[in-house]
Amino acid sequence: RTLDGGGRHLLPGLIDSHVHFRTPGLTHKEDWAHAGRAAVAGGVTTVIDMPNTLPPLHTAEEAHRKAELLAGTTLVDHRFHLGVTGDDPSPLRSVGPREATSVKVFLAGHHTAPDVVRDPAQLEKVFRTAAEAGLRLLLHAEDDAVFGLLDSWRGAPAGYGGYERHRPRSGGIVAVARVVELVRRHGTAVHVLHVSSAEEADLLTAAAHTGLPVTFEVTPHHLSFTATETSRTGARARLSPALRDRSDRERLWQAVVGGEVATLGSDHAPHTRAEKLRPPAEAPPGLPGVQEMLTAVHTGLRRRAPEDSPDAQLSCLARLLAERPAGLFGLDERKGRLRPGLDADFVLFDADERWMLAPGAIQSKCGWSAYEGWTMTGRVLRTVRRGETVYSHADGQAEFGSPDGRWLDARRPGDLVPR
Ligand code: DOR
Ligand code: ZN
Ligand code: ZN
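## Observations concerning the site of ligand 1
Move 1: Surveying the vicinity of ligand 1 reveals 14 residues, the closest of which are Arg22, Asn52, Ser240, His271 and Pro285.
Move 2: One of the side-chain nitrogen or oxygen atoms of arginine 22 is found 2.8 Å away from an oxygen atom of ligand 1.
Move 3: The backbone of proline 285 places a nitrogen or oxygen atom 3.0 Å from a nitrogen atom of ligand 1.
Move 4: Here ligand 1 loses 100% of its free accessible area of 290 Å² to cover by the protein chains.
Move 5: For the shell around ligand 1, the per-class residue count stands at four nonpolar, eight polar and two charged.

Structure, rendered in structure tokens:
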């Protein structure tokens, strides 16, 4: 079969390695039918889902059960990151690459973090166990000591709420430094999620230069907004870690363009409008983003370097949204050279179209977006997953394929690719 791309750009199907699709237990916020449509409308053909569901995902058996539950319900191919408790990381020992290659650890607490590991001895054990099991740790590295201190100092309610109004310069730096030290001791491969400040980017880049197996992610939210947006719109633009200053945002862009960042992840974390309208200390942090990510980051790149060629910018995005996540999470034999023809995943992208995300075009079940009213540059015209058109858009009409997204297999990161 041939497809006339009309001179547009062809990108690989994107891998969003950071989504919260909320099944099981939180399906009033999001479900895989809606989120699958949001994904493919954003050019994403594979997602890796976070474990902070109700109950959280901790074991290989639970991963199999979750995959069964999702069969036939979603457009998007998928994998899962496991969660872990500090009390007992031993389930990680029986996880094979079929089930997961990665584990998310929350170092700080907030509304949607069920398993927080704070105890230093427990953290050592988690890092050691992951290293022995060949699993990559994904870190939510925030300092809740700093949170708590600032909140009580300002008389704000305990927990999430006061933090982003004060914007201390050190929101995650203590946690990130701790992570680097643990990597040095145990050799665990780590990927630090949603890095939000200049200092954290500096420290992680320096650690990687010393040869430690440390990589990091940034989100479209931290590249698109600053704390000003949170002050302006409240909980709608509040996430954890909080949005920072302009100088932080520009440092993150530099890390994207300069190749310090390994992956972009949407951190698609939908909550209902009603939840977001609760008083600040009770409104859960998080924004949707899987549909908006590619075009939001492309828009930012264009604005910052209008003279760069669209080809170079799209190559950068393809690296951060396909090649690098595939390599980090063991998807490259599925999504790459080794099985040509199995995965004809690609995206037809018009790099010049300027458009606005209309409320009616939002696919997430939560039904809102922090990017409403933005003029975006670049638009997904068609998404093909394993040879099938799963999304196309013409004359303002979106069309979707059938929900036969699969649970993908993977190899262990770092294993030799069998030939
Ligand atoms: O803002 C956030 N929301 N940060 C997280 O780490 C979790 C997420 C969620 O699940 O809502
Ligand atoms: Zn997180
Ligand atoms: Zn997240």
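## As for the sheet that holds strand β7 (residues 136–140)
Move 1: Read across the sheet, six strands follow the order β5-β6-β7-β8-β9-β10 without closing on themselves; strand pairing throughout is parallel. The open sheet has two edge strands, β5 (82–83) and β10 (263–264), and neither has a second partner.
Move 2: Two strands pair when backbone bridges link them, and β5 and strand β6 (residues 102–106) are joined in this way by two bridges, in the parallel orientation. Bridge assignment links glycine 83 to a residue of β6, and that residue is lysine 104.

## Some details on the coordination of the zinc ion (ligand 3)
Move 1: Distances from the zinc ion (ligand 3) to its protein donors, His18 (NE2), His20 (NE2) and Asp267 (OD), fall at 2.0 to 2.1 Å.
Move 2: The metal-metal distance between the zinc ion (ligand 3) and the zinc ion (ligand 2) is 3.6 Å.
Move 3: Classification of histidine 20 by relative accessible area gives buried; the value is 6%.

## Quick look at helix α2 (residues 60–70)
Move 1: Among the residues making up α2, those that are buried are Ala60, Ala63, Lys66, Ala67 and Leu70. Along the long axis of α2, the arc covered by the buried residues comes to 115°, so they all point the same way. Every exposed residue of α2 that faces more than 90 degrees away from the buried side is listed here: Arg65, Glu68 and Leu69.
Move 2: Glycine 72 lies just past α2 and shows a positive phi near 75°.

## A few points about the coordination of the zinc ion (ligand 2)
Move 1: Looking at the zinc ion (ligand 2), one finds its protein donor set to be Lys104 (NZ), His140 (ND1) and His194 (NE2), positioned 2.1 to 2.2 Å from the metal centre.
Move 2: The coordination sphere of the zinc ion (ligand 2) comprises four donor atoms, whose angles at the metal cover 81 to 132°; the geometry is irregular.
Move 3: The sequence pattern formed by the donor residues of the zinc ion (ligand 2) is K-x35-H-x53-H.
Move 4: The exposure class of histidine 140 is buried, given its relative accessible area of 1%.

## Things to note about the sheet that holds strand β11 (residues 346–356)
Move 1: Here five strands make up an open sheet; going across it, the order is β1-β11-β12-β13-β14 and the pairing antiparallel. Edge strands, defined here as strands with exactly one partner in the open sheet, are β1 (9–12) and β14 (397–400). In this sheet, adjacent strand axes meet at a mean angle of 30° when their direction is disregarded.
Move 2: Bridge count for strand β12 (residues 375–385) against strand β13 (residues 388–394) is four bridges, and the pairing is antiparallel. Bridging from a neighbouring strand, valine 384 pairs with threonine 389 of β13.
Move 3: The sheet contacts of helix α12 (residues 293–304) involve β1, β11 and β12, and relative to β12 the element is tilted by about 135°.
Move 4: Contacts from helix α13 (residues 310–328) reach β1 and β11 within the one sheet, and its direction differs from that of β1 by about 20°.

Definitions and cut-offs
- Residues numbered from 1 in each chain as written.
- Chains lettered and ligands numbered in written order.
- Predicted model: local features only at pLDDT ≥ 70, side-chain atom pairs only at ≥ 80, totals over all residues.
- Heavy atoms only, no water.
- Near = heavy atom within 4 Å.
- Polar contact = N/O pair within 3.5 Å; in protein donor to acceptor, adjacent residues only side chain to side chain.
- Areas by Shrake-Rupley, 256 points an atom, 1.4 Å probe, with all protein chains shown as cover.
- Nonpolar A, V, L, I, M, F, W, Y, C, P; charged D, E, K, R; others polar.
- Pairing = 2+ DSSP bridges.
- Helix = DSSP H or I, 4+ residues; strand = E, 2+ residues; numbered from the N terminus.
- Donors = N, O, S within 2.8 Å, 3.2 Å for Na, K, Ca; no water.
- Buried < 20%, exposed > 50% of the residue type's maximum accessible area, 1.4 Å probe, protein only.
- Arc of directions from axis to C-beta.
- Tetrahedral: all angles 85-135°; square planar, octahedral: opposite > 155°, others 65-115°.
- Axes fitted to C-alpha atoms, helices over the stretch in contact; angles between N-to-C directions.
- Contact = heavy atoms within 4.5 Å.

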